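Fold and geometry: a report
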Amino acid sequence: MLLNFAQEKAVNYAHNKMQKALYKSLNIDITNENIEKIPSKDKKYMLYAHVPFCHVFCPYCSFHKYKFEANLCKDYFANLRQELKQIKEAGYDFTSMYVGGGTTLIDEDELLKTLDLAKKLFSIEEISSESDPNHIEPKTLERFKGYIDRLSVGVQSFDNDILKKVSRYYKFGSQEVLIEKLSQAIDILPTLSLDLIFNFPFQTKEQLLSDINIAKKLAPQQITFYPLMKSPITREAIAKTLGVSDDDREWEFYKIIKEEFKHYHASNAWAFSKQNSNLVDEYVGSNAEYVGVGSGAFSFLNGRLLVNAFNLEEYSNRIKSKKSPVIAVCDFNKKEKIQYVFLTKLFDGSVDIASFNAQNETNLKKELFLEINLLKLVNAIYEENGVLKPTEFGSYLTMVLMKEFYTGMDKVRAAFRDDAKVKSSKKLRVMEYDNDLKVGEDKIATA
């Protein structure tokens, strides 16, 4: 099950290529300008809303979050709804929405009011949301009928030893408790996605197969297996709680997962559904352009990354004073944008060349001549009736690239968490070799 020489070189190349691309591209300018998010009439956008609150933090999680406080959370949701109104006034409309966190269902009443407003403001047909196992009681989920179409439940593993090591056993329950909770939750909402992680340090093949078998026996509408992502933010915590292993079995485990789910529909490189569905699995992967609302939310519009204020007080002040919440921007050139969109489409399972060219005003085969031919050379993609599709190895390669992309974005989040550093900086940049994020030399006065 080992990679052959060419494939191993391709994985290393992809890893290094993504790191260098992020180093070159993620050159983020801190701004004091009032930068508005303006829609283009001929484009379709997805709406992302961020809920940055958790009761307890997991050691491997690098997402933007705060410790839950009831009053702070209620004030935040009120600001979030106000930002939705501002986005509506700017001229946006959406058919799909993704709510991420944090713990999205941490205040059910406030979330329900927010989703209700979003459906009234926009032409939303489907909403995907996330949850942890403590917020999937049948009575809770019943309240969200007609609102949440796909609920992604982060279980991570059913193995009690792993659950204890990642501090989830006592927070969310043992294997037996999790199975009982999920058994009662499945089928209340249209789609429940069971989210698991693979390639924990020292995870055995038997532990992985046990997770797979339990998940399949529960029979949710979707099962997702994410690779463990080690960013600079989480690497130390992961090593402390799970240990460090020199034996990386990611490819071996990925092949097992692909084989075990060969009769499922592959929604993307790591999500498997019982039936084909258009519901959003990854808002970044499924949408070339999206608008983010909330503290720390990213938007990707017209080749430009826009970053909302991370600090809750600053975010609140900006929304209440009807200022744009955007505090930083990052501009990508045309080729960088095409590379990014190409990766997300391939991650989702296919790239229709004619459609891609029309939507991005490009000639894909000419613009990415080297990349496409290298992928064909290592048997990562093949072309069929004008559509580029990944092989099994190609799916793994796109998973590696997407993992590196998420890790790079984690470095951006890490920098913005240091509010004092951000306020005294003019530029933030992901460093290429030390896997860290440094602050540029140019300084401006503290805001």
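Rules used throughout
Residues numbered from 1 in each chain as written. Predicted model: local features only at pLDDT ≥ 70, side-chain atom pairs only at ≥ 80, totals over all residues. Heavy atoms only, no water. Helix = DSSP H or I, 4+ residues; strand = E, 2+ residues; numbered from the N terminus. Contact = heavy atoms within 4.5 Å. Pairing = 2+ DSSP bridges. Axes fitted to C-alpha atoms, helices over the stretch in contact; angles between N-to-C directions. Buried < 20%, exposed > 50% of the residue type's maximum accessible area, 1.4 Å probe, protein only. Right-handed = clockwise from strand over helix to strand, strands pointing away. Core = buried A, V, L, I, M, F, W, Y, C linked by side-chain atoms within 4.5 Å. Phe/Tyr/Trp six-rings, centres within 6.5 Å; stacked < 30°, edge-to-face > 60°. Lys NZ or Arg CZ within 6 Å of the ring centre and 35° of its normal. Expected span 1.5 Å × (residues − 1). Arc of directions from axis to C-beta.

Under an unreviewed UniProt entry, the name given to the chain is Radical SAM core domain-containing protein, and the source organism is Campylobacter ureolyticus ACS-301-V-Sch3b.

Quick look at the environment of Val291 now. Within the secondary structure, Val291 sits in strand 12 (residues 290-293). Sequence separation between Val291 and Ile87 is 204 residues, and the spatial gap between their C-alpha atoms is 8.7 Å. Discounting residues that sit within four places of it in the chain, Val291 has contacts with Lys37, Met46, Leu47, Tyr48, Ile87, Tyr92, Phe94, Phe298, Ser299 and Leu301.

If you trace the three strands from one edge of the open sheet to the other, you get 16-18-17, paired in antiparallel fashion. Two strands close off the open sheet at either side, each with one partner strand: strand 16 (351-352) and strand 17 (381-384). This element, helix 16 (residues 369-377), spans strand 17 and strand 18 (387-390) of the sheet and lies at about 105° to strand 17.

A few words on the pairing of strand 5 (residues 96-101). Most of strand 5 sits inside the fold, with six of its six residues counted as buried. Burial along strand 5 is two-sided: the residues Ser96, Tyr98 and Gly100 and Met97, Val99 and Gly101 are all buried. As defined by bridge partners, strand 2 (residues 46-51) adjoins strand 5 across five bridges and the pair is classed as parallel. Bridge assignment links Tyr48 to a residue of strand 5, and that residue is Tyr98. The pairing of strand 5 with strand 6 (residues 126-131) spans four bridges and is classified as parallel. Within the sheet, the bridge partner assigned to Tyr98 lies in strand 6 and is Ser128. Between the parallel pair strand 5 and strand 6, the chain is carried across by helix 3 (residues 108-121), and the sense of this crossover is right-handed.

Burial analysis of strand 7 (residues 150-156) places seven of its seven residues in the buried class, which makes it a mostly covered element. Both faces of strand 7 are covered, namely the face carrying Arg150, Ser152, Gly154 and Gln156 and the face carrying Leu151, Val153 and Val155. Crossover handedness for the path strand 6 to helix 4 (residues 138-143) to strand 7: right-handed. For strand 7 and strand 8 (residues 191-198), the ladder comprises six bridges, and the chain directions are parallel. Bridge pairing in strand 8 places Leu151 opposite Leu192.

Further remarks concern unusual backbone geometry. For the bond running from Gly101 to Gly102, omega is 20°, close enough to zero to count as cis. Within the fold, Gly102 resides in the loop between strand 5 and helix 3. Of note, Phe202 is a non-glycine position whose phi angle comes to about 70°, a positive value. Residue position: Phe202 is located in the loop between strand 8 and helix 8 (205-218). With a relative accessible area of 52%, Phe202 lands in the exposed category. Located in the positive-phi region is Ala219, a residue other than glycine, with phi close to 60°. Mapped onto the elements, Ala219 comes out in the loop between helix 8 and strand 9 (222-227). Residue classification places Ala219 among the partly exposed positions, given a relative accessible area of 27%.

By the secondary structure assignment, Trp251 is in helix 10 (residues 250-260). By relative accessible area, which is 8% here, Trp251 ends up buried. The sequence separation of Trp251 and Leu397 amounts to 146 residues, and the corresponding C-alpha distance is 9.5 Å.

Glancing now at the side chain of Ser395. Here Ser395 is to be found in helix 17 (residues 392-417). Sequence-distant contacts of Ser395, defined by excluding residues within four places in its chain, comprise Tyr254, Lys258, Ala269 and Pro390.

Tracing the sequence through the fold places Phe77 in helix 2 (residues 70-89). Separated by 27 residues in the primary sequence, Phe77 and His50 place their C-alpha atoms 9.8 Å from one another.

The biggest cluster of nonpolar side chains holds 126 residues, and the ones touching the most others in it are Phe342, Leu364 and Phe393. Phe342 has contacts with Val351, Phe356, Leu364, Leu368, Ile372, Leu375 and Leu388, leaving out every residue within four places of it along the chain. Residues Val166, Ile197, Phe200 and Leu228 belong to the second largest nonpolar core, which totals five residues.

A word on the packing of aromatic side chains. Per the counting criterion, the structure on display carries 23 aromatic pairs. Each ring, one from Tyr92 and one from Phe94, has its centre 5.8 Å from the other, and the planes form 5°; the classification is stacked. For the pair shown, Tyr92 and Phe94 are each scored as buried. Aromatic ring contacts, followed pair by pair, group Tyr226, Trp270, Phe300, Phe332, Tyr340, Phe347, Phe405 and Tyr406 into a single cluster. Seen from the ring of Tyr169, Lys164 lies directly overhead, with NZ or CZ sitting 4.8 Å from the centre. Here the basic side chain of Lys216 rests over the ring of Phe261, its NZ or CZ set 5.6 Å away from the ring centre.

Attention now moves to helix 8. In a regular helix each residue adds 1.5 Å, so 14 residues correspond to 20 Å; helix 8 covers 20 Å between its end C-alpha atoms and thus fits that length. Taken residue by residue, helix 8 has Gln207, Leu208, Asp211, Ile212, Ile214, Ala215 and Leu218 as its buried positions. For helix 8, the angular spread of the buried residues around the axis is 165°, confining them to a single face. Across helix 8 from its buried face, at more than 90 degrees, point the exposed residues Glu206 and Lys217. Looking at the buried positions of helix 8, the neighbouring elements they touch are strand 7, helix 5 (160-165), helix 7 (175-185), strand 8, strand 9 and helix 10. In the segment just after helix 8, Ala219 is the residue with positive phi, at about 60°.

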